[in-house]
Amino acid sequence: MGRGYASVAIAGGQLYTLGHRDGREFLSAFSQQEGSHLWSAPVGSGDHCNGTPTVDGNRVYAVGLKGDLVCADTATGNVIWKTNYGRDFGGRMMSGWGFSESPLIDGDRVICTPGSNQAIMAALDKKTGAVIWKAPLPAVGSRGKDGAGYSSIVISQVGAIKQYVQLVGRGVIGVRAQDG
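A brief structural summary. Think of each chain on its own: its residues are numbered from 1, step by step along the sequence as written. This being a predicted model, a pLDDT of at least 70 is required before a residue's local features are given, and a value of 80 or more before pairs of side-chain atoms are given or counted; all residues contribute to the totals for chains, interfaces and linings. For side-chain calculations, the full set of non-hydrogen atoms in the structure is used, while hydrogens and water are omitted.

Moving on, we get to the side chain of Asp106. Structurally, Asp106 is set in strand β9 (residues 104-106). Polar contacts, as used here, are pairs of N or O atoms within 3.5 Å; protein pairs need one atom able to donate a hydrogen and one able to accept it. Residues neighboring in sequence count only if both atoms are side-chain atoms. Here the side chain of Asp106 touches Tyr164 through a polar contact of 2.6 Å, side chain to side chain. Any two residues whose heavy atoms approach within 4.5 Å are treated as being in contact. If sequence neighbours within four positions are ignored, Asp106 has contacts with Ile155, Lys162 and Tyr164. To qualify as a helix, a DSSP run of H or I must reach at least 4 residues; to qualify as a strand, a run of E must reach at least 2; elements of each kind are numbered from the N terminus.

Right, let's talk about a nonpolar patch on the surface for a bit. Like charges within 9 Å and nonpolar side chains (Val, Leu, Ile, Met, Phe, Trp, Tyr) within 5 Å are joined into patches, using only residues over 30% in relative accessible area that form no salt bridge. Using the Shrake-Rupley algorithm and a 1.4 Å probe, accessible areas are obtained, with residue cover drawn only from the displayed protein chains. Should a side-chain nitrogen of Lys or Arg be within 4 Å of a carboxyl oxygen of Asp or Glu, the pair is scored as a salt bridge. On the surface, Met1, Val8 and Ile10 cluster together into a nonpolar patch covering about 270 Å² of accessible area. By the element assignment, Ile10 lies in strand β1 (residues 9-11).

Of all six residues in strand β7 (residues 68-73), six are buried, a share of seventy percent or more. Residues Asp68, Val70 and Ala72 point to one face of β7 and Leu69, Cys71 and Asp73 to the other, with burial holding for every one of them. Pairing geometry for strand β6 (residues 59-63) and β7, over five bridges, is antiparallel. Within β7, the position partnered with Ala62 by the bridge is Val70. A pair of strands is treated as paired once DSSP finds two or more bridges between them. If you look at the hairpin formed by β6 and β7, you'll find four residues sitting between the two strands, and Gly67 has a positive phi there, around 85°. Where β7 meets strand β8 (residues 79-84), five bridges bridge the pair, whose relative direction is antiparallel. What sits directly across from Val70, in β8, is Lys82. Where β7 hands over to β8, the hairpin turn is made up of five residues, of which Gly77 adopts a positive phi near 80°. In this scheme, a residue with accessible area under 20% of its type's maximum is buried, one over 50% is exposed, and one in between is partly exposed, where area comes from a 1.4 Å probe on protein chains only.

Residues Leu69, Trp81, Tyr85 and Leu124 are the most contacted members of the largest nonpolar core, which totals 16 residues. Of all the secondary structure elements, the ones that give two or more residues to this core are β6, β7, α1 (85-89), β10 (109-112) and β11 (121-125). In this structure Leu69 touches Ala62, Val63, Trp81, Lys82, Thr83, Tyr85, Pro103, Cys112 and Leu124, once residues within four positions along its chain are discounted. Residues grouped as a nonpolar core are buried Ala, Val, Leu, Ile, Met, Phe, Trp, Tyr and Cys residues, joined through side-chain atoms within 4.5 Å. Core analysis: the second largest hydrophobic core is formed by 14 residues, Met121, Ala123, Leu137 and Ile173 among them.

Let us look at the packing of aromatic side chains. The geometry of two aromatic rings is summed up by the distance between their centres and the angle between their planes. Here the aromatic set is Phe, Tyr and Trp, taking the six-membered ring for Trp, and pairing holds for ring centres within 6.5 Å; pairs whose planes are under 30 degrees apart are stacked, those over 60 apart are edge-to-face, and all others are tilted. If you walk through the whole model with that rule in mind, you get four aromatic pairs. Judged by centre distance (6.2 Å) and plane angle (50°), the ring pair of Tyr16 and Trp39 falls under tilted. Of this pair, Tyr16 sits in strand β2 (residues 14-21) while Trp39 sits in strand β4 (residues 37-44); the two residues are 23 residues apart in sequence, bridging distant segments of the chain. For the ring pair Tyr85 and Phe99, a centre distance of 5.0 Å and an interplane angle of 75° mean the geometry is edge-to-face. Separated by 14 residues along the polypeptide, Tyr85 in helix α1 and Phe99 in the loop between α1 and β9 bring together distant segments of the chain. Using a relative accessible area of 7% as the deciding quantity, one classes Phe99 as buried. In this scheme, the term charge over a ring applies when either NZ of a lysine or CZ of an arginine sits within 6 Å of the ring centre and within 35 degrees of the ring normal. In this arrangement the basic side chain of Arg21 is found over the ring face of Phe26, its NZ or CZ atom lying 4.5 Å from the centre.

This is how it looks when you write it as structure tokens:
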């Protein structure tokens, strides 16, 4: 499986995880029944992996240490789309330990945490990776650090407003699900 701290996601008779081997990060699938390796897809160049993949139907989503978010086909491992938090969103982590989240699937969207002040959180079309919205982080004080934290987004309902709640370097935030 490779070196790292990712756990496994189990769906459709397959186990999915991230691991570092041969100088790269890979998203890999294994047979739940036999334990045999089915496929591996390159994710990024980090020296270990933190996040656990998220499975949704025939797609699996994973975030690498340096902010590479990939969507791959569960049967073949073929990468359907890929984005990078730093390059595409100006994202960053609040420390040097690397990105560590499991992307959230909510309906037709994948919700993720690039960690930039212009896109602390983002909603992407889960089929294409196209940006639906980016949530900016307003000035929230001097405590903590800029960037993403070490957690995964959860859904909350506050009154009539559905929101995504996440821990980032400056604290806990809530973002309106409809439009960021």
